[in-house]
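A look at the structure
Next come the chains, spelled out residue by residue.
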Amino acid sequence: MAYFLDVILPLPLERYFSYSLSDADAQAIKSGMRVAVPFGKSKLYTGIAVGVRENIEVAYEIKDIEFVIDQEPILQEGQIRFWEWIASYYMCSVGQVMKAALPKSLLLESETIILRNEETTAVDDELTDSEFLIIEALENRKALKVEDVMGILDRKTVLPILKGLLEKDLVFIQEELYNTYKAKTEKYIQLSQEYADEEVLRELLDSLTRAPKQRQAIMTLFMMRAGNRLVKSKDLETRAGVSRAVIKSLVEKSILLETEQEVSRMLMDVESGNELYVLNDSQEKALAEIKTSFENDKTVLLHGVTSSGKTEIYVRLIQEMLEQGKQCLYLLPEIALTTQLISRLQYFFKHQVLVFHSKYSLNERQEVWSLVLEAKEPYVVIGARSALLLPFRNLGLVIVDEEHETSFKQFDPAPRYHARDTAIVLGKLKNSKVLLGSATPALETYYNTTIGKFDLVELKHRYGNVLMPEINMIDIKEKHRKKRMTHHFSDSLIDHMNHAFDQGDQVILFQNRRGFAPIMECNTCGHAPQCPNCDVSLTVHQHRYQMRCHYCGYHTIIPLACMACSSSDVDTKGFGTEQIEVEFKELFPSRKIARMDLDTTRGKYSYEKLIDQVESREVDCLVGTQMLTKGLDFRHVSLVGVLNADAMLNFPDFRAHERCFQLLTQVAGRAGRTEKRGLVLLQSYNPDHRILQQVSTYDYSTMFTEQLEDRYQFKYPPYQRLIRITFKHRDYNTTLQAGQWFVNALNQIEHGVEVLGPEFPPVSRIRNLYHVHALVKMGKKHHPETIKGFISKVRRSFESIKQFRAVRCNIDVDCY
Ligand code: ADP
Ligand code: ZN
Ligand code: ZN
C-alpha cells in the first residue's frame, strides 16, 4: 500500500504539499506532528503533518519525507482547523499562519546547517565514499550548509547521504531541527559535608582569618541556610557582597559544593497571597451581568471608565475558570504587558500565570508552548496578540483587554489578523467565553452591542468613587496672541505643574511624536532634509545629535548648514517629546523628568525601569508618546498635560477622530486614580473642535453617534468591510501599472462592490519601494467569501504576469 502525507510548509503556498511515506511512518504519524521534508532544489523544511491518505493526484513529482521529528503532536486537536479559518478569512496561506504560531525554535529554516556529533567516532570502513568526504570536511570546518555538501560531493541529491549520517549518529542537522530548547539551570551552593560538625566549621573559620571575603561568604551561607533551604550561588554572592571568584576558590578547595539544577523559567519567586479584593457594588453587579451573558453564550463588552476596576473583575472570572480546571487567555496590547499587571496576577495565581511576550527569549516562549500543550494544570496565559495561536486545550475564557487598541491588528507580515476578532472565533471553536474590555471601545465593537451581537456591561464610576479627572481646554492661539506661552507651555500649564510639584504630586505630559522636531528647514531656500530611501523628511533627534527616518531607520548627523544653499539660517518645525524634555529642564530646573517613547524603551527591561522610576517617585514628571496611554496605573499623578491635542485630528484616516478620542481619554485616565480628583489640561488651537469637546465632557455616546453617522455616510466599517491591496516595487511606473492592472482585472468581474484606487498613500515610498493602494469596499449585501474568491483569482493571474513578477502584492482584510 502506498501512503501519502499532506504537509503544511512554512511558505506562502495555496495548498498543502504531499509527500510519500513508508508504511512504518504512516502508522506512527499523527496530525500535528512535525516532519522534515525536502522542498525546492535542495532545501529542508519543518512542516506539520495534516493527514495521511492512500491515493493522490498531483501535478508535481512526489518526494519522500526525510523523517518524522516528533513522537507526539505539538498541536492541539482542532488547531489546524483554526489556522485554516485564519488563512481563509485573512487571505493568506496556512503555512504563513503556522509560521506566526510556532516559536521559531520549533521550526527549521531553509539554510540548514550540518554539525559533527562530537560524541561519536567515525569508523572509516563503515562509511561510504560520500559519507567519508563529508566527515572529513566537518573535521576541518565544524559546520556545513546543505549547499556546501552539494559542492563537496558535486551532486544535487545529498539528502539521502545526510540521512545515512544522521542514522549513524555522526552528524546533527542544525540543532534547531530537533530542539534548540535548553532547560534553564541555576547553580546552588552548599557547605561540604565534612564541615557539618560545628567544631570543624569553627576551625575552618579560624583558618580563614586572612581571607576575610571567603570567611564572609561562609558565614553568610550559614545564616542563609537557616530554613534548610537551597541557596542559589548568585544569592550568596549578593548577600555576602563577594565576587564569583571568591565562591569559585572555595569550591576549588572543596569547602563549598556547587550543584546545577534545572529550573522552570516560569516559576519565578513571587510575592503571593490568596485574598481577593472585595468587589464594590458596581463591580459585583457587572460581574453578575457578565456571567448571565456567558450563560447565554454571548460575547460581552465590559465598558468601564478608566480606573473603574475592570482588572479585578477579570481576576474573579479567571479564578473561577482555573478552579474548574479550565485554561484562560488574557490578551493585551504588547506594550500594556507590564510588570505592574503581571505581578498583580501572579499575586493571586502564582505559577499558574504564564507570560507570552515578544521580548521573551525563544526558549521562554517554547516553554510556554509546551506547558500549554501538556496542560497538566490550568493556566492563565497573559500575552500579546500571538498568544492566541498557542495550543490551547479546555480553554474556558478569553479576555481581550483594551480591545480598542489598533495594535491588535497584525500589519506585516501575513497573517494580517485582528486578535480581537480572531479571539471571538477561537472562543466559538473552543466553546469558551469571550470578554472584551475597554474604557473607550472601538466603534465596531460598541456598534455590535447596539445590534444585539454582543452584550454590554458598564462600569460608570471609578473605583473608590474618585471623580473622573476634570478636563480643561487651553486655547493656545489665544495664549500666543497674549504672549503667555513659554516655548510649548502655556502659563496655566506651568502654574498647575508648579502647584502639583509643590504638593508632592507627579505630572504626565503627552506629546504624540518622538524626537526633537519632525522637520528641519532652511529659512533661506526652504530645503528640508529628506530620507534618501523614503518619501518623508528626517526627524531631528538632538539627544543623539542625529537626523533619523522613522520609517527605515536611516540616520545621519545634524548638518550645521543647509545642504542645498549652505546658509546657516536653519530652523526646526514642529516638536516631539525630546524637545519637551529640554524645555522642561529649562522651566523646572529643580525637577526630574523621564521620557517614555520608542527611543527610550528598546531594551528588554527599559520600559519596566521607567515605570519603576515613576512608581518610586524618582522622577517628578514623565513625558511620552501614546505609550503613556496603555493601562499604566500610577498612584501619585495628579495632573496630565497634553501639549498639542490637534496633531491627532488631522490625519487622513477615517478612524482619526475615533482614535484621537481614545488616546486623549486614555491619557486623561492616568490622572487622579486614587484619592484626589485629577486635572487634565488640553492645549489646542481648536478648543471648540467637537471631538475635543466630547473628550472633555467624557461623552462617549455622542462621539459614537456622530462618528457612526460619518461612517454610514462615507461607507466605512461597521457598515462596510474593507480589503486593502498594496503593491510595492522599486519603480514608480511599474507599481502604478500593477495597481491599475489589478483594479481593471477585478472590475471585469461582475462583483458589484466598490473598488477604489490605485492611488499613492501619503507616504508613497518606504525603503526604496513605491507603495500603491487599492481599496475594496463591501456592503452588507455582498458575500465576503465570494468577493475574496474573486480577489484571489485575480491575484493568481497577476502573479503569472512577467512584467509584475517583482511586484509585491499584499492583501489586508479589515485593514486599519
Ligand atoms: P481599570 O482596569 O478599570 O482601569 P483597575 O482594575 O486598574 O481599573 O483598578 C483601578 C485601581 O483601583 C487599581 O489600583 C485597583 O487596585 C483598585 N481597585 C479596583 N477594584 C478594587 C477593589 N475591589 N478593592 C480594592 N481596590 C480595587
Ligand atoms: Zn538652504
Ligand atoms: Zn527612510
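Residue positions are given per chain, counted from 1 along the sequence in the order it is written. Here every chain gets a letter starting at A, and every ligand a number starting at 1, in the order they are written. Local features are withheld for residues below a pLDDT of 70 in this predicted model, meaning they are given only at 70 or higher, and side-chain atom pairs are given and counted only at 80 or more; totals for whole chains, interfaces and linings count all residues. Note that water and hydrogens are dropped before the side-chain values are worked out from all heavy atoms of the structure.

So, on to the side chain of His 404. Helix and strand definitions here come from DSSP, where helices need a minimum of 4 consecutive H or I residues and strands a minimum of 2 consecutive E residues; each element is numbered from the N-terminal end. Within the secondary structure, His 404 sits in the loop between β17 (395-401) and α15 (419-430). You can call His 404 buried: its relative accessible area is 5%. Here a polar contact is recorded for every N or O atom pair within 3.5 Å, except that within protein the pair must consist of a potential hydrogen donor and a potential acceptor, and residues adjacent in sequence are included only if both atoms are side-chain atoms. Engagement of the side chain of His 404 in a polar contact is seen with the side chain of Ser 438, the distance being 2.8 Å. When residues no more than four places from it in sequence are discounted, the contact partners of His 404 are Ser 438, Thr 440, Pro 441, Ala 442, Gln 662 and Gln 666. The rule is simple: take the accessible area with a 1.4 Å probe, protein chains only, and divide by the maximum for that residue type; under 20% is buried, over 50% is exposed, in between is partly exposed. Residue contacts follow a heavy-atom distance rule, with two residues in contact if any of their heavy atoms lie within 4.5 Å.

Take the nonpolar core next. With 111 residues, the main nonpolar core has Leu 329, Leu 664, Phe 727, Val 776 and Ile 791 as its most contacted residues. Setting aside its immediate chain neighbours within four residues, Leu 664 contacts Phe 510, Val 642, Ala 645, Met 648, Leu 682, Leu 692 and Val 695. Take the buried residues of types Ala, Val, Leu, Ile, Met, Phe, Trp, Tyr and Cys, join any two whose side-chain atoms come within 4.5 Å, and each joined set is a nonpolar core. By size, the runner-up hydrophobic cluster in this structure holds 34 residues, among which are Ile 290, Phe 294, Ile 313 and Tyr 330.

Glancing now at the UniProt feature "binding site: Zn(2+) 1" (unreviewed entry) in the chain. UniProt positions are given in the numbering used here, feature names are shortened, and annotations may be inferred rather than shown by experiment. The residues that UniProt annotates with the feature "binding site: Zn(2+) 1" (unreviewed entry) are Cys 522, Cys 525, Cys 562 and Cys 565. A maximum C-alpha distance of 8.5 Å among these annotated residues, which run over 44 residues, shows that they cluster at one spot. As for its position among the elements, Cys 522 is in strand β24 (residues 519-522). Residue Cys 522 is classed as buried on the basis of its relative accessible area, which comes to 3%. Setting aside its immediate chain neighbours within four residues, Cys 522 contacts His 527, Cys 562, Cys 565, Ser 567, Asp 569 and Val 570. With respect to the element layout, Cys 562 can be found in the loop between β27 (555-557) and β28 (570-573). Those residues in contact with Cys 562 that lie beyond four places of it in its chain are Cys 522, Cys 525, His 527, Ser 567 and Val 570.

Here, proximity means that at least one heavy atom of the residue falls within 4 Å of the molecule or strand. Among the 17 residues in the neighbourhood of ligand 1, the closest are listed as Val 278, Ser 307, Lys 310, Thr 311 and Tyr 463. Between Val 278 and ligand 1, the recorded distance is 2.8 Å, taken from a backbone N or O atom to a nitrogen atom. Within the side chain of Arg 673, a nitrogen or oxygen atom sits 3.4 Å from an oxygen atom of ligand 1.

When you tally the buried positions in strand β13 (residues 299-304), you get six out of six residues, the bulk of the element. The side-chain alternation of β13 yields two buried faces, one formed by Thr 299, Leu 301 and His 303 and the other by Val 300, Leu 302 and Gly 304. Judged from the six bridges that link them, β13 and strand β19 (residues 454-459) form a sheet pairing that is parallel. Its bridge partner being in β19, Leu 302 is matched across the sheet by Val 457. Pairing between strands requires that DSSP locate at least two bridges from one strand to the other.

Listed as protein donors to the zinc ion (ligand 3) are Cys 531 (SG), Cys 534 (SG), Cys 549 (SG) and Cys 552 (SG); their distances from the metal cover 2.2 to 2.4 Å. Each of the four donor atoms bound to the zinc ion (ligand 3) contributes to angles spanning 104 to 112°, and the resulting shape is tetrahedral. In primary sequence terms, the donor set of the zinc ion (ligand 3) follows C-x2-C-x14-C-x2-C. Taken together, the residues span a long stretch of sequence, with Cys 531 in the loop between β24 and β25 (539-541) and Cys 552 in the loop between β26 (546-548) and β27 at a distance of 21 residues. For Na, K and Ca the donor cut-off is 3.2 Å, while for other metals it is 2.8 Å, and in both cases only N, O and S atoms qualify; water is not among them, so sites may look incomplete. All geometry calls rest on donor angles, where a four-donor set with angles between 85 and 135 degrees is tetrahedral, four- and six-donor sets with opposite donors more than 155 degrees apart and all others between 65 and 115 are square planar and octahedral, and all else is irregular.

Side chains that differ in charge, positive against negative, can pair when their charged atoms come close. What counts as a salt bridge is simple: a side-chain nitrogen of Lys or Arg found within 4 Å of a carboxyl oxygen of Asp or Glu. For the structure on display, the rule yields 42 salt bridges. Among the ionic pairs, Arg 711 bridges to Glu 658, the shortest N-O distance being 2.7 Å. A residue pair is termed long-range when its members are at least 10 positions apart, and Arg 711 in helix α23 (residues 700-713) and Glu 658 in helix α21 (residues 656-668) qualify at 53 residues. Of the residues examined, Glu 658 reaches a relative accessible area of 3% and is grouped as buried. The salt bridge involving Glu 754 is made with Lys 715; its shortest N-O contact spans 3.9 Å. Of the two residues, Glu 754 sits in strand β34 (residues 754-759) while Lys 715 sits in the loop between α23 and β33 (721-729), which places them 39 residues apart along the sequence. The exposure class of Lys 715 is partly exposed, given its relative accessible area of 41%. It is possible to trace a salt-bridge network through shared partners that takes in Glu 312, Arg 344, Asp 633 and Arg 673.

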